[in-house]
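Overview (structure and organization)
Here is how the chains run, residue by residue.
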Amino acid sequence: MQQTVPKVEVPGELNSPAAKLVYLYLSTHDGASISDLQDGLEMKKISLYSILGTLSKRGLVRQEDAERYHIAQ
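Since this is a predicted model, take the numbers as computed values, not measurements.

Moving on, we get to the pairing of strand β2 (residues 61-64). Of the strand pairs in this sheet, β2 and strand β3 (residues 68-71) are connected by four bridges, and their pairing is antiparallel. Looking across to β3, one finds that Q63 is bridged to Y69. Hairpin geometry of β2 and β3 is characterised by an intervening segment of three residues between the two adjacent antiparallel strands and by a positive phi of about 55 degrees at D65.

Structure, rendered in structure tokens:
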């Protein structure tokens, strides 16, 4: 039996490879906390906060609760 992999399209306005990685991670998981992103992507928290802030300002990511981020839909 063959598994289907969902297609995820990255918004064209994302030029940063790191921002694309964060966006894809959030798209393929049901949201994530900073710790989840740090562990899964092996990125520093300071970088993640900056990227998530930019993605939030652009309306691509929304923050739920105090620490959980999701793709804005």
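If you trace the backbone, H70 turns up in strand β3. A polar atom in the side chain of H70 sits 3.4 Å from the side chain of E64. If we ignore the near neighbours within four places in the chain, the residues touching H70 are D30, G31, L60, V61, R62 and E64.

Counting 19 residues, the largest nonpolar core has V22, L26, L37, L52, L55 and V61 as the members making the most contacts within it. Where this core is concerned, the elements lending two or more residues are α1 (17-28), α2 (34-41), α3 (45-57) and β3. Sorting elements by how many residues they give to this core places α1 first, with five residues. If we skip the residues at most four places from it in the chain, L37 touches V22, Y25, L26, A32, E42, L48 and L52.

What counts and how
- Residues numbered from 1 in each chain as written.
- Predicted model: local features only at pLDDT ≥ 70, side-chain atom pairs only at ≥ 80, totals over all residues.
- Heavy atoms only, no water.
- Pairing = 2+ DSSP bridges.
- Helix = DSSP H or I, 4+ residues; strand = E, 2+ residues; numbered from the N terminus.
- Polar contact = N/O pair within 3.5 Å; in protein donor to acceptor, adjacent residues only side chain to side chain.
- Contact = heavy atoms within 4.5 Å.
- Core = buried A, V, L, I, M, F, W, Y, C linked by side-chain atoms within 4.5 Å.
- Buried < 20%, exposed > 50% of the residue type's maximum accessible area, 1.4 Å probe, protein only.

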